[in-house]
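Observations on the three-dimensional arrangement
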Amino acid sequence: MKRIAWTALPVLLALAPASNAQSVGYEEALRAATSDQPQVRTSELRLDARREIADAADELPDPRLRAGIQNLPVSGPAAFELGRQLPTQIQVGIEQEIPNLAKRRARFGMADADIDLAAAQLRQTRYRVRVGAGMAWISLAYAQRSLTVADDALAEIERLVPLARSSVAAGSARPAESLEVRRAVLEVADMRTRIEADREAAQAMLSRYTALPNATATGTIPSTDLDPEGLRAMLQSNPELVVALAQVRQAEARSDLARSERRPDFGVNVSYGRRDPDFGDAISVMGSITLPIFADRRQNPRIAAAEAEAAAAQSARADRLRELKAQFETDLAAWRSAYRQWQRATDELLPLAESRVDLERASFAAGRAELVDVIDAIKTLAVLRVDILQREEATVEAAANLRLTYGEYGR
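Parameters and conventions
- Residues numbered from 1 in each chain as written.
- Predicted model: local features only at pLDDT ≥ 70, side-chain atom pairs only at ≥ 80, totals over all residues.
- Heavy atoms only, no water.
- Axes fitted to C-alpha atoms, helices over the stretch in contact; angles between N-to-C directions.
- Helix = DSSP H or I, 4+ residues; strand = E, 2+ residues; numbered from the N terminus.
- Parallel < 35°, antiparallel > 145°, perpendicular 65-115°, else oblique.
- Left-handed = near helix turned anticlockwise from the far one by under 90°.
- Nonpolar A, V, L, I, M, F, W, Y, C, P; charged D, E, K, R; others polar.
- Contact = heavy atoms within 4.5 Å.
- Core = buried A, V, L, I, M, F, W, Y, C linked by side-chain atoms within 4.5 Å.
- Buried < 20%, exposed > 50% of the residue type's maximum accessible area, 1.4 Å probe, protein only.
- Salt bridge = Lys/Arg side-chain N within 4 Å of Asp/Glu carboxyl O.
- pLDDT = per-residue confidence, 0-100.
- Expected span 1.5 Å × (residues − 1).
- Arc of directions from axis to C-beta.

**A closer look at the packing of helix 9 (residues 299-365) against helix 10 (residues 371-406)**
Relative placement of two packed helices is described by the angle separating their axes and the distance separating the axes. With their axes 8 Å apart at the nearest point, helix 9 and helix 10 run at an angle of 160° to one another. By the angle between their directions, the pair helix 9 and helix 10 is classed as roughly antiparallel. Between helix 9 and helix 10 the crossing geometry is left-handed. Looking at the contact of helix 9 with helix 10 residue by residue, the class counts come to 25 nonpolar, six polar and ten charged.

Here you go:
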């Protein structure tokens, strides 16, 4: 019974496909990430909100209704009598505050800067989810390929199990060799289990960006080729820098608004007074103006603070550009390193491992090698093929990350 259990292990492991899997290609995953993504929808709604509020940015404040009794005597013979004295009246009026033109323009500029920032953040969100979806799809595609390699190795070793048993039964092989066969199966099965976990993790991450549960990556793998100079030339258009520039404009708009406080605001008051018929009704028209005569203690500190914030935003943008350039060169170096390691393993290590398998099989057929040597060579080749796939995955991920992060965000 134990013999059946361990020899059937590869078959049981191979029968674990995800249920209700949905096939998705690389470009399809990128499109789904931006079309069906709560993050993107959140940024779109915020942009809509900024556009709605911008329409009222430079509108005048709401007028104020005034009503009351004016000049009512409270002592003497005419106390609390509305019609005994000339100045006494019931008054109703409207007040309208009129901010200075510079302030209204600054408020409109603030609203416009808020729209620019929201639009930049929407663009930033879209490019970030594209990067996340692209990396998740690539991880899933290579996990699927690695599973195929592991399954093929398990099947090939499994085909040698009856031969190992017959050799032990005939006395031409040591009994311990059957244990070595079993150990080789378990080692490859462990490798497959780790790959299976990587596949499930990649599916979970892809569903986070595309809402596709148990997805299966299909179609063409993204290219490993790059145009470094073309990508470097597009750094200034990176969404991260666009956001930083929008933040600079927003800070400058706040500075303009603070400076507008040094200019006087105006006000108009129109009222109608109802008096005793013997005196006749009255109309009053009044004007007002603010007096920013204590600017050193009121407006100037706020202006200085706003200008400092604008300078800080400029400095932050310059720092973000330096950081982006450094990160680009770092990512480019990682791509070059991954590409060279992948090519070296493919061109040099893989032929050596394949030749070893062929030689061990030939030696075993000629009676000059043990079956364990053949199985070890097969296992080593399978491990190397998985390693080469991982190196290829690292190269493809590095290339796709560079394109998505520094070049394809305009799509």
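On we go from here.
**Description of the packing of helix 8 (residues 239-260) against helix 9**
At a minimum axis separation of 8 Å, helix 8 and helix 9 run at an interaxial angle of 170°. Overall, the two elements helix 8 and helix 9 adopt an arrangement that is roughly antiparallel. In contact with Glu-240, Leu-241, Ala-244, Leu-245, Gln-247, Val-248, Ala-251, Glu-252, Arg-254, Ser-255, Ala-258 and Arg-259 of helix 8, helix 9 contributes Arg-302, Ile-303, Ala-306, Glu-307, Glu-309, Ala-310, Ala-313, Gln-314, Arg-317, Arg-320, Leu-321 and Leu-324. A per-class count over the contact of helix 8 with helix 9 returns twelve nonpolar, three polar and nine charged.

**Description of the nonpolar core**
Val-24, Tyr-26, Trp-137, Ile-138, Ile-157, Leu-206 and Ile-375 are the most contacted members of the largest nonpolar core, which has 51 residues in total. Counting residues per element, the ones that place at least two in this core are helix 3 (26-35), helix 5 (101-170), helix 6 (176-210), strand 4 (215-217), helix 9 and helix 10. Discounting chain neighbours no more than four positions away, the residues touching Val-24 are Ala-29, Trp-137, Leu-206, Leu-212, Ala-215, Thr-216, Ala-217 and Thr-218. Counting 13 residues, the second largest nonpolar core, distinct from the first, contains Leu-226, Leu-235, Leu-241 and Ala-398.

**What about the pattern of salt bridges?**
With the rule as written, the count across this model stands at 24 salt bridges. The closest approach of N and O atoms between Glu-240 and Arg-128, which form a salt bridge, is 2.9 Å. Taken together, the positions of Glu-240 in helix 8 and Arg-128 in helix 5 put the pair 112 residues apart, joining distant regions of the chain. Take Glu-240: its relative accessible area is 9%, and that puts it in the buried class. Judged by relative accessible area, Arg-128 falls into the partly exposed class, the value being 44%. Linking Arg-232 and Glu-229 is a salt bridge whose minimum nitrogen-to-oxygen distance equals 2.5 Å. Placement of both Arg-232 and Glu-229 in helix 7 (residues 228-233) is noted, with a separation of three residues, approximately one turn of the helix. Look at Arg-232 and you get partly exposed, because its relative accessible area is 27%. Note on Glu-229: relative accessible area 53%, which makes it exposed.

**Details of the confidence of the model for the chain**
Averaged over all residues, the pLDDT of the chain equals 86, while 88% of them reach at least 70. Mean pLDDT in the chain bottoms out at helix 1 (residues 2-7), which sits at 39, and peaks at helix 8, which reaches 94. Predicted confidence is poor over residues 1-19, with pLDDT under 50, and the contacts of this stretch with residues over four places away or in other chains come to 24 contacts.

**Focus: helix 4 (residues 38-54)**
A rise of 1.5 Å per residue sets the reference length of helix 4, with its 17 residues, at 24 Å; its end C-alpha atoms lie 24 Å apart and thus fit the reference within 8%. For helix 4, the full list of buried residues reads Val-40, Ser-43, Leu-47 and Ala-54. For helix 4, the angular spread of buried residues about the axis comes to 65°, placing them on one side. Those residues of helix 4 that are exposed and aimed more than 90 degrees away from the buried face are Pro-38, Glu-52 and Ile-53.

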